[in-house]
Amino acid sequence: MSNGLGDLEVQLLTLRTDAEGAISQADTLERLEELRVSYLGKKGQLSAILGSMGKLPAEEKPKIGAIANTVKEALQTSLDKQRNALETAKIQALLESETLDVTMPGIFRPQGRIHPLNGIIDRALDVFVGMGYTVAEGPEMESDYYNFEALNTPPDHPARDMQDTFYLPDGNLLRTHTSSVQIRYMEAEEAPIRVVAPGRVYRRDTVDATHSAVFHQIELLAIDEGLTFTDLKGTIKVFLQEIFGDLPIRFRASYFPFTEPSAEVDLQWNGRWLEVMGCGMVDPNVLKSVGYDPEVYTGFAAGFGVERFAMVLHQMDDIRRLYSSDLRFLQQF
Ligand code: 2U9
């Protein structure tokens, strides 16, 4: 047999031919792994052939061993080659399936934006927070005490006419200003106080282009030892400057039940004096009602309507546009 092909030799060469054929046909990585196990695995076909080498004459063993090694290397090379080819094809397929067609029409996602009222509120609060104020909020439904009595406005006070509101069957009411929030804040905290209260307020008002029964206010309050009207003027000047730019302002004497003295603040806007805020030194009766000694503490307060600011800054002609949710209008801001 030493000149012809031995039995094992034939088996090895047949295995090689069959295996190379099968490997080159494998179309998935899973199938390729099955073939590897089947040919080269511990219990695979090559091992089985080598297992029968024991019966060979000793001089034949090195030759068959050498052939077996060649076959093993050849199969390993075929497996590696096919694995590379399959992996490359897989990546290629993935790339092709994920190709971005930049000419396809996009999905339209309308962009939202801040409502002009919230825009004013954000800007105003930023200015006050920058001056050390804390933002406080409170309930829209209030008791008569927090909305009126603690603010030096007893039941028979003529100022109640100007601030008629919506009364609930239980005696509560819808707040007419955010001053009630500041009364609550003064009850809960101690001087010194710097607080700014934004929020929705209500009035019994006939709705027209410049009036709404529901609107938004921002009020600020500072309580400390030694605060004067000068501090009030300085604070308001800085605030209006930040919002409207450096324009002339003037203070005009006025009246509010909760401040004494009180003033309206006018701003020279496009050459005309425009009333933009109310303000004053906190009335000693208000300080007393929340337990602050007016001989020790003084304070100033001011308030403005957010809608009015929005209308002036954005040149709006009708307050009702701010509430109608008409995107053609809102998209302009
Ligand atoms: C406390 C004491 C006093 C807040 C103040 C005004 C003047 C004011 C109006 C402007 C236009 C409201 O939106 S508007 O109608 N506000 O003129 N508000 S002083 O005074 C306070 C607040 C809290 C404890």
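Source: prediction; values computed, not measured.

Student: Please set out the overall build of the chain residue by residue, giving values where relevant.
Tutor: Scanning the chain from terminus to terminus reveals 12 helices and 9 strands. Computed over its C-alpha atoms, the radius of gyration of the chain comes to 43 Å, more than 25% above the 20 Å expected for a compact globule of 333 residues. For the chain, buried positions account for 40% of its 333 residues. Nonlocal contacts in the chain, meaning residues at least 24 apart in sequence, comprise 65% of its contacts between residues at least 6 apart. As presented, the chain carries roughly 19,200 Å² of accessible surface, and 52% of it is formed by carbon and sulfur atoms. Each charge class in the chain can be summarised by its mean position, and for the 32 positive and 49 negative side chains these summaries are 9 Å apart.

Student: Requested: an account of the domain arrangement of the chain, with residues and values cited.
Tutor: For the chain, the assigned domains are domain 1 (3–97) and domain 2 (116–330). Each of domain 1 and domain 2 was reduced to a C-alpha centroid, and the two centroids are 89 Å apart.

Student: Summarise the nonpolar core; cite the residues concerned and give the values.
Tutor: In terms of nonpolar packing, the biggest core is built from 39 residues, with Phe-239, Leu-240, Met-277 and Phe-309 touching the most fellow members. Looking at this core, the elements that each hand over two or more residues are helix H5 (116–130), strand S5 (214–224), helix H9 (229–244), strand S7 (259–269), strand S8 (272–282), strand S9 (298–305), helix H11 (306–314) and helix H12 (327–330). For this core, the element with the most residues is H5, which contributes 7 residues. Those residues in contact with Met-277, other than ones at most four positions away along the chain, are Leu-220, Ile-236, Phe-239, Leu-240, Ala-263, Glu-264, Val-265, Ala-302, Gly-303, Phe-304 and Phe-309. Grouped together as the second largest cluster of nonpolar side chains are 21 residues, Ala-136, Tyr-185, Ala-191 and Ala-197 included.

Student: Describe in detail the UniProt feature "domain: Aminoacyl-transfer RNA synthetases class-II family profile" (unreviewed entry) in the chain, supporting the description with residues and values.
Tutor: According to UniProt, the "domain: Aminoacyl-transfer RNA synthetases class-II family profile" (unreviewed entry) feature falls on residues 126–324. Secondary structure across residues 126–324 divides into 27% helix and 33% strand, with the first and last C-alpha atoms of the span separated by 27 Å.

Student: Give me the lowdown on the packing of H9 against H11, citing residues and values where you can.
Tutor: Where H9 meets H11, the closest approach of the two axes is 12 Å, and the angle between their N-to-C directions is 45°. In terms of orientation, H9 lies oblique with respect to H11. Across from Phe-239, Leu-240, Ile-243 and Phe-244 in H9, the residues of H11 making contact are Phe-309, Val-312 and Leu-313. Across the contact of H9 with H11, the residue classes tally to 7 nonpolar, no polar and no charged.

Student: Which residues make up helix H8 (residues 179–188), and what values do they have?
Tutor: Most of H8 is tucked away: 7 of the 10 residues are buried. The secondary structure elements touched by the buried residues of H8 are strand S1 (134–135), strand S2 (141–142), helix H6 (144–147), strand S4 (193–202), S5 and helix H10 (284–289).

Student: Can you tell me about the UniProt feature "binding site: Mg(2+)" (unreviewed entry) in the chain, naming the residues and giving the values?
Tutor: Mapped onto this structure's residue numbering, the UniProt feature "binding site: Mg(2+)" (unreviewed entry) falls at Glu-260. Turning to its location among the elements, Glu-260 is positioned in strand S7. Apart from the residues within four sequence positions on either side, Glu-260 is in contact with Met-281 and Asp-283.

Student: Please provide a residue-by-residue account of the side chain of Glu-142, values included.
Tutor: Note that Glu-142 resides in strand S2. At 2.8 Å, the side chain of Glu-142 and the side chain of Arg-184 are in polar contact. Those residues in contact with Glu-142 that lie beyond four places of it in its chain are Asn-147, Asn-172, Leu-173, Arg-175, Ser-180 and Arg-184.

Student: Mind laying out the pairing of S8, listing which residues take part and the relevant values?
Tutor: Sheet topology note: the S7/S8 ladder contains 9 bridges and is antiparallel. Bridging across to S8, Asp-266 finds its partner in Glu-275. Connecting S7 to the antiparallel partner S8 that follows it, the hairpin turn spans 2 residues, and Asn-270 within it adopts a positive phi of roughly 50°. In terms of strand pairing, S8 meets S9 through 4 bridges, oriented antiparallel. Bridge assignment links Cys-279 to a residue of S9, and that residue is Ala-302.

Student: Please provide a residue-by-residue account of the pairing of strand S6 (residues 249–256), values included.
Tutor: Of the strand pairs in this sheet, S6 and S7 are connected by 7 bridges, and their pairing is antiparallel. Directly across from Arg-252, in S7, lies its bridge partner Glu-264. Between the end of S6 and the start of S7, which pair antiparallel, lie 2 residues.

Student: Lay out the site of the ligand in plain terms, naming residues and giving numbers.
Tutor: The environment of the ligand is made up of 20 residues, and the closest members are Gln-182, Gln-217, Phe-256, Gly-278 and Ala-301. One of the side-chain N or O atoms of Glu-219 is found 3.2 Å from a nitrogen atom in the ligand. One nitrogen or oxygen atom from the main chain of Gly-278 is found 3.5 Å from an oxygen atom belonging to the ligand. About the coverage of the ligand: the protein hides 89% of its 560 Å² of free accessible area. If you list the elements that add at least two residues to the shell around the ligand, you get H8, S5, S8 and S9. Looking at which element gives the most residues to the shell around the ligand, the answer is S9, with 5 residues. Taken together, the residues of the shell around the ligand sort by class into 11 nonpolar, 7 polar and 2 charged.

Definitions and limits used
- Residues numbered from 1 in each chain as written.
- Predicted model: local features only at pLDDT ≥ 70, side-chain atom pairs only at ≥ 80, totals over all residues.
- Heavy atoms only, no water.
- Helix = DSSP H or I, 4+ residues; strand = E, 2+ residues; numbered from the N terminus.
- Rg over C-alpha atoms; globule rule 2.2 N^0.38 Å.
- Buried < 20%, exposed > 50% of the residue type's maximum accessible area, 1.4 Å probe, protein only.
- Contact = heavy atoms within 4.5 Å.
- Areas by Shrake-Rupley, 256 points an atom, 1.4 Å probe, with all protein chains shown as cover.
- Lys, Arg positive; Asp, Glu negative; His and termini not counted.
- Charge placed at Lys NZ, Arg CZ, Asp CG, Glu CD.
- Domains from an automatic or database assignment.
- Core = buried A, V, L, I, M, F, W, Y, C linked by side-chain atoms within 4.5 Å.
- UniProt positions renumbered as here; feature names shortened; annotations may be inferred.
- Axes fitted to C-alpha atoms, helices over the stretch in contact; angles between N-to-C directions.
- Parallel < 35°, antiparallel > 145°, perpendicular 65-115°, else oblique.
- Nonpolar A, V, L, I, M, F, W, Y, C, P; charged D, E, K, R; others polar.
- Polar contact = N/O pair within 3.5 Å; in protein donor to acceptor, adjacent residues only side chain to side chain.
- Pairing = 2+ DSSP bridges.
- Near = heavy atom within 4 Å.

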